[in-house]
Amino acid sequence: MKERGINNTFKKIIYESSEMVFLADDTYPYNIFYTNESFDKIIGDKLVDKTLVGLGLDINSYIFSEEMIISFQDHEFVFNIELPQDNGSNYFLFYKGKEMRALGMPTKKETGEFFKNTHDLIAIGQENFLTWISSSVAEVLGYSPEEMTNVELCQFFHSEDLPQVQELLLGFKKGISYGHVEVRMISKNGDFKCIDWNVNYLEGIFYAIGRDITTERLVKEGLAWKNELTKLGEIVSKTGVWEIIMPENKVILSEGFCSILEMGQSDFLSIEQIIQYFLPDFRPMIQKSLTELMAIGKDFDLRLKIKSKLQKEKWVRVIGKSQFKDNATSKVFGTIRDISEENDLLSELGLYKEMFEHSPESILISDMSGKIIFTNQEANQKLGILIGSGETYKIGNFDERFVEGSVWENFLSQLARDKNLMYKTQYIKKDKLGIHMEVNCSLVEINQNKYVVSFARDISERVNLEQTLQDSSDFLLHLTEQVPGALYQFVLDKEGQMKFSYLSPGIKDLLGIKETELKDFSDISLAINKVHPEDIGLVLTSTVTSARTLKPWNCQFRVKEPANGQFKWVYGAAKPEMLENEDVVWYGYLTDISDQKRFEENLKNAREQAERASQIKSEFLSMISHELRTPLNAISGSVYTLLQDDHTSQQASALNTINFAVDNLIIMINDLLDYQKIEAGKLTLEYNPMNLKEVVNQVVKGLEFHAKDSRNKLILNIQEELNQEVKGDKVRLAQILNNLITNALKFTNNGEVEIEVRIREFLDEKIRVYFSVKDSGIGIAKEHQSRIFNQFDQIHHSFSKKYGGTGLGLSITKRLLEQMNSQIGLESELGMGSIFFFEIVFEKTKKLFVPAPQKENAAMLPFDKIKLLMAEDNDVNALVLGKIIKKWGIEYDRVNNGQEAVDAVKNEKYDCVLMDIQMPVMDGFEATKLIKSISNVPVLALSAAAKQDLIEKIDQSGFTGYVSKPIDASELLKKIKEALNHF
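Please read all numbers here as calculations on a predicted model, not as lab measurements.

(A) Structural context of empty space enclosed by the protein. Inspection of the entire model under this criterion finds four cavities of 30 Å³ or more. Considering the residues around the largest cavity, the lining is formed by 21 residues, among which Phe500, Ile524, Val539, Trp553 and Phe557 are closest to the centre. Residue composition of the lining of the largest cavity, grouped by class: 19 nonpolar, one polar and one charged. Looking at the second largest cavity, its volume works out to about 190 Å³. Leu153, Phe157, Trp197, Val199 and Phe206 are, among the 17 residues lining the second largest cavity, the residues nearest its centre. Per-element accounting of the lining of the second largest cavity gives the leading share, four residues, to helix 7 (residues 162–173).

(B) Expanded view of the environment of asparagine 397. Within the secondary structure layout, asparagine 397 lies in the loop between helix 13 (377–383) and helix 14 (405–418). Look at asparagine 397 and you get partly exposed, because its relative accessible area is 46%. Taking C-alpha positions, asparagine 397 is 8.8 Å from tyrosine 427, a pair spaced 30 residues apart along the chain. Within the local environment of asparagine 397, its side chain forms a polar contact with the backbone nitrogen of lysine 394, the two atoms lying 2.6 Å apart.

(C) Inspection of the pairing of strand 23 (residues 498–503) at higher detail. Strand direction decides the pairing type here: strand 22 (residues 486–492) and strand 23, joined by five bridges, are antiparallel. Bridge pairing links glutamine 489 to tyrosine 502 in strand 23.

(D) Representation of the packing of helix 22 (residues 692–702) against helix 24 (residues 730–746). Where helix 22 contacts helix 24, the two axes come as close as 10 Å, and the packing angle between them is 40°. Between helix 22 and helix 24, the angle is such that the two are oblique. For the crossing formed where helix 22 meets helix 24, the hand is right-handed. The segment helix 22 lies against helix 24, with Leu692, Val695, Val696, Gln698, Val699 and Val700 engaging Lys730, Leu733, Ala734, Leu737, Asn738 and Ile741. Split by residue class, the contact of helix 22 with helix 24 holds nine nonpolar, two polar and one charged.

(E) Up close: the pairing of strand 2 (residues 32–35). Of the strand pairs in this sheet, strand 1 (residues 20–25) and strand 2 are connected by three bridges, and their pairing is antiparallel. Across the sheet, residue leucine 23 finds its bridge partner in strand 2, namely tyrosine 34. The hairpin formed by strand 1 and strand 2 contains six residues between the paired strands, and tyrosine 30 there has a positive phi angle of roughly 65°.

(F) Highlighting the sheet that holds strand 12 (residues 250–253). Reading across the sheet, the six strands line up as 13-12-11-16-15-14 and stay open at both edges, with antiparallel pairing between neighbours. The sheet is open, and its two edges are formed by strand 13 (268–270) and strand 14 (300–307), each paired on a single side. Averaged over all pairs of adjacent strands, the angle between their axes in this sheet comes to 30°, without regard to strand direction. Across 10 bridges, strand 15 (residues 313–325) lies against strand 16 (residues 328–338) in antiparallel orientation. Across the sheet, the residue bridging to valine 318 is isoleucine 336, located in strand 16. Running at roughly 140° to strand 14, helix 11 (residues 283–296) makes contact with strand 11 (239–245), strand 14, strand 15 and strand 16 of the sheet.

(G) Inspection of the pattern of salt bridges at higher detail. Counting across every chain of the model gives 25 salt bridges. Note that lysine 693 is salt-bridged to glutamate 720, the shortest N-O span being 2.5 Å. Of this pair, lysine 693 sits in helix 22 while glutamate 720 sits in the loop between strand 28 (713–718) and strand 29 (725–728), and the two are 27 residues apart along the sequence. Here glutamate 971 and lysine 975 are joined by a salt bridge, their closest N and O atoms 4.0 Å apart. Remark: lysine 975 and glutamate 971 occur in helix 30 (residues 969–982); sequence separation between them is four residues, near one turn of the helix. Residue glutamate 971 is classed as partly exposed on the basis of its relative accessible area, which comes to 30%. Among the residues examined, lysine 975 registers a relative accessible area of 21% and is labelled partly exposed.

(H) Representation of the sheet that holds strand 26 (residues 584–592) within the structure. Read across the sheet, five strands follow the order 23-22-26-25-24 without closing on themselves; strand pairing throughout is antiparallel. Edge positions in the sheet fall to strand 23 and strand 24 (553–560), since each of these pairs with one other strand and no more. Within this sheet the neighbouring strands show an average axis-to-axis angle of 30°, counted without direction. Pairing of strand 24 with strand 25 (residues 567–578), which is carried by eight bridges, proceeds in the antiparallel orientation. Paired with asparagine 554 across the bridge in strand 25 is alanine 573. Lying on the sheet, helix 19 (residues 533–549) is in contact with strand 22, strand 24, strand 25 and strand 26; it crosses strand 24 at an angle near 155°.

(I) Just unusual backbone geometry, in detail. Here the residue pair tyrosine 28 and proline 29 is connected by a cis peptide bond, since its omega of 10° sits within 30 degrees of zero. With respect to the helices and strands, the residue proline 29 is situated in the loop between strand 1 and strand 2. The residue lysine 96 is not glycine, and still its phi comes out positive at about 50°. Within the secondary structure, lysine 96 sits in strand 5 (residues 91–102). Overall, lysine 96 belongs to the partly exposed group, its relative accessible area being 46%. Non-glycine residue asparagine 821 carries a positive phi angle of around 60°. Structurally, asparagine 821 is set in the loop between helix 25 (809–819) and strand 32 (825–829).

(J) View of helix 14. Helix length check: helix 14 (14 residues) gives 20 Å between terminal C-alpha atoms against 20 Å at 1.5 Å per residue, within 8%. Along helix 14, the residues that are buried comprise Trp408, Phe411, Leu412 and Leu415. For helix 14, the arc enclosing every buried residue in end-on projection is 100°, short of the 170-degree limit, so these residues lie on one face. Helix 14 presents Asn410 and Arg417 as exposed residues on the side facing more than 90 degrees away from its buried surface. Its buried side turned inward, helix 14 meets strand 17 (362–367), strand 19 (420–428), strand 20 (434–446) and strand 21 (449–458). Remark: lysine 419 follows helix 14 within two positions and exhibits a positive phi of approximately 70°.

(K) Region of the structure containing the packing of aromatic side chains. Counted under the stated rule, the structure contains 25 aromatic pairs. Taken together, the aromatic side chains of Phe22, Phe39, Phe79 and Phe94 make up a single cluster linked through ring pairs. Sitting over the ring of phenylalanine 333, lysine 331 keeps its end group 5.8 Å from the ring centre. Across from the ring centre of tryptophan 569, 4.5 Å away, lies the NZ or CZ of lysine 597, which sits over that ring.

(L) Here's a closer look at a nonpolar patch on the surface. Together, Ile245, Ile252 and Phe268 make up an exposed nonpolar region whose accessible area comes to about 240 Å². Its location among the elements puts isoleucine 245 in strand 11.

(M) How the structure looks around the nonpolar core. Leu692, Leu714, Leu733, Ile741, Phe771, Phe836 and Phe842 are the most contacted members of the largest nonpolar core, which has 42 residues in total. Residue assignment for this core shows that the elements contributing at least two residues are helix 22, strand 28, helix 24, strand 30 (752–763), strand 31 (766–775), helix 25 and strand 33 (833–844). Ranked by residues supplied to this core, first place goes to helix 24 with seven residues. The contacts of leucine 714, once residues within four sequence positions are left out, are Val700, Leu703, Glu704, Ala707, Ile741, Leu745, Val753 and Ile755.

(N) Fine view of the side chain of serine 308. With respect to the element layout, serine 308 can be found in the loop between strand 14 and strand 15. In this structure serine 308 comes out as buried when scored by relative accessible area, which is 2%. Beyond its immediate sequence surroundings of up to four residues, serine 308 is in contact with Ile260, Leu261, Glu262 and Tyr277.

(O) Quick look at the confidence of the model for the chain. Across the chain, the average pLDDT comes to 79, with 79% of residues at 70 or higher. Overall, residues 796–802 carries pLDDT values under 50, and its contacts beyond four positions in sequence, including any with other chains, amount to 15 contacts. In this model residues 849–859 is a low-confidence stretch, pLDDT under 50, and it forms seven contacts with partners more than four residues away in sequence or in other chains.

About the cut-offs
- Residues numbered from 1 in each chain as written.
- Predicted model: local features only at pLDDT ≥ 70, side-chain atom pairs only at ≥ 80, totals over all residues.
- Heavy atoms only, no water.
- 1 Å grid on protein atoms, 1.4 Å probe; cavity = no way out; pocket = protein on both sides within 12 Å on 5 of 7 lines; lining within 4 Å.
- Points joined across faces, edges and corners; volume = space filled by probe spheres on them.
- Nonpolar A, V, L, I, M, F, W, Y, C, P; charged D, E, K, R; others polar.
- Helix = DSSP H or I, 4+ residues; strand = E, 2+ residues; numbered from the N terminus.
- Buried < 20%, exposed > 50% of the residue type's maximum accessible area, 1.4 Å probe, protein only.
- Polar contact = N/O pair within 3.5 Å; in protein donor to acceptor, adjacent residues only side chain to side chain.
- Pairing = 2+ DSSP bridges.
- Axes fitted to C-alpha atoms, helices over the stretch in contact; angles between N-to-C directions.
- Parallel < 35°, antiparallel > 145°, perpendicular 65-115°, else oblique.
- Left-handed = near helix turned anticlockwise from the far one by under 90°.
- Contact = heavy atoms within 4.5 Å.
- Salt bridge = Lys/Arg side-chain N within 4 Å of Asp/Glu carboxyl O.
- Expected span 1.5 Å × (residues − 1).
- Arc of directions from axis to C-beta.
- Phe/Tyr/Trp six-rings, centres within 6.5 Å; stacked < 30°, edge-to-face > 60°.
- Lys NZ or Arg CZ within 6 Å of the ring centre and 35° of its normal.
- Patch = residues over 30% accessible without salt bridge, like charges linked within 9 Å, V, L, I, M, F, W, Y side chains within 5 Å.
- Areas by Shrake-Rupley, 256 points an atom, 1.4 Å probe, with all protein chains shown as cover.
- Core = buried A, V, L, I, M, F, W, Y, C linked by side-chain atoms within 4.5 Å.
- pLDDT = per-residue confidence, 0-100.

If you want it as structure tokens, here you go:
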């Protein structure tokens, strides 16, 4: 490096200086002959041509400048320059060099233009004064730059803002390098301008840029005031605003919204958080509305209920709106308003309106001109007013008295004076029909407007009733004078005195009182004298009882007829009433019931005659049935004996015909007796423990022969669960099943009869059991099914054919089931068979059924070793029964009455006793009791009476079994075998 022109003393200082220094010749191309370390490091080492020309300088451009800007490799550097002519040297001195700016920074000229034309204030200063300020200050504050430099700066600030400026300057002294402040500065014309200053502080000098924001400040303050007004308005009106940021599903809330929710100010909440503030019943509604608003832009307006953060329930009105952009929802927003008070007010007003609308009275409200401004439903209906028709009405349209204006004015004057008026009038409807009304008017004032409120009650019924009562009064007066018998008012005062206070004219004919005596006929003694002596006590006693209990008085008594001295019957009835003075008053009537009494007497005689006839009929049936059974027994026994002897096939056919006829006669006799008992109401049911399965099995087993005889198959289907003990009438149940099965066998040939018994329902301690009897017989036509349960009615009338009979079997069955609280049902089709069914509820016994152990059968005695005792008073029956017994090879002794039977048992040993029930000297019941007291011999009862009549006495007397007459030989043999096997 060249040392020319450099004092060696300063060489080291200059060379190591942080500022760039270099020297260049004063002749072209201006070679650089000296550089210091900073210049070499930043520029020189990178400079190819170390000349001023190589740096791109035109030295002529800076001849009159003290500074020169050198651009090198996208950087600009500023140097102070000393020219050769200034220091008597032949070189250029460049010193205090430093980088000015990076590439793109404005040039000095551009910077000057910028400062000259900017509208912002640019200033440089130190301490509390400015050293330089841009010329724009004249435009902003009206001062020249000279007026604001090198003077006390604080004088230009508003006194209220001066502390901010002082605080900023104090901060700079404490090391803060940047500050911002908005202050008001006084302009030259005395106005204050608001200046926004941004200040940088560097090495004791501050650089500031200020912008006039007076207009913006005013706008901002206006907006702030408006915002404040909006917030105040939201609070006063209890309103809030909301907006949903859709991508994030966040809800921005206004301060008013937060106030309604009684929560602290929040920038936003999620949609889910907002929905939780609504009561559960309303959440689906708001959820759906918000979804549709965001998805398709569907606006909504809802009234919902929320619970605030402080757990207070409120009614709110929520409105949602949307904006569209590019056919899609771009913005959703809305309002919320607390309408709790409004809702309460509307509810209250709605209640009042509903009360007015549904008032049973007509309500009309009119202005002072008489124009009707409101009518309720009752008024509209009564007056024929059509709502929504557009017609206007005045009071005079309905009340003709107010057609004249002067009358209406007088009415208003009176109403203003009295405040309330009530009057009766007649409203004329649109159809010109009149309605009687009672009107109550009031004058009310609302918002300085006066109205007439009229409550009109329809009194047409009352007016008509009053007229009717008047007419009725005249009618009743005439009626009481003409009615047969007598009306009266009778008084018993607290002193015990009795008298008539009123008697209608009919009393004259009833008691034979003359016209002249009627007005004095108030003393009770005069009436008592007319009563039959035997009935006086009854009349007085019943009257006193009625007075004490205040119950109606009813009495039948006789009074003397004045014409012939005889007595006629009178019926009296009255209702007592206790008056406030403790008097008892009867209002009643007396009427002649002599004809009724004669009718009752005739009816009583007729009833007694009917009862006697019924008794005679019952006795006749009982006697004739017994008498019929006796010859039938002889016929049946004889036929059985003949069938056991040798006979031809023709004889067998004749004997079987006789046997069949006897069986039919027996069935008819039994049916007649049962029917007679039912009609007389003497047939009663006896509920005793029984095993259901055993009863049904016994009935079916007893009819197996009948089934074989008619070439039918008898099938029983019964549940094993029915093998239990229940309470019921064993005899009548067996009779019902026997009737139905016998009937089915009768009308079926070469077919099947199926009996089904099963449990339909369990009912606590009871069971409901289903019974059915189904056959494949001839069936019953639909038109005949309603007749088959009638008495003495048959579909096939024939006593000589198979389908004969009394026609009472099904009728008796139906009546028996009705007594068991059951009904018989029928399903049948002609040619396809029939099914009869019914259900009975049985009470279960608490006894558990345990199958009885099978006894080992004792060895059956040979018939020739058996000896019987026959107690029979009828010789024919004894003869027939003897023949039957002899056919079996059994020996027997016969006695004629019960006493002889007892003596015979005492004197000789018998294997079994056949005991007739009805015998002279001693009947079978008494004889059996005595025999059982001395012997264990089995006794079989024989009787022509129905077993149902005798079963209780048979059980009590100790009989082993029972065989009805006419004697069925096979049944008798079966019972004898059972008796002998049992003992």
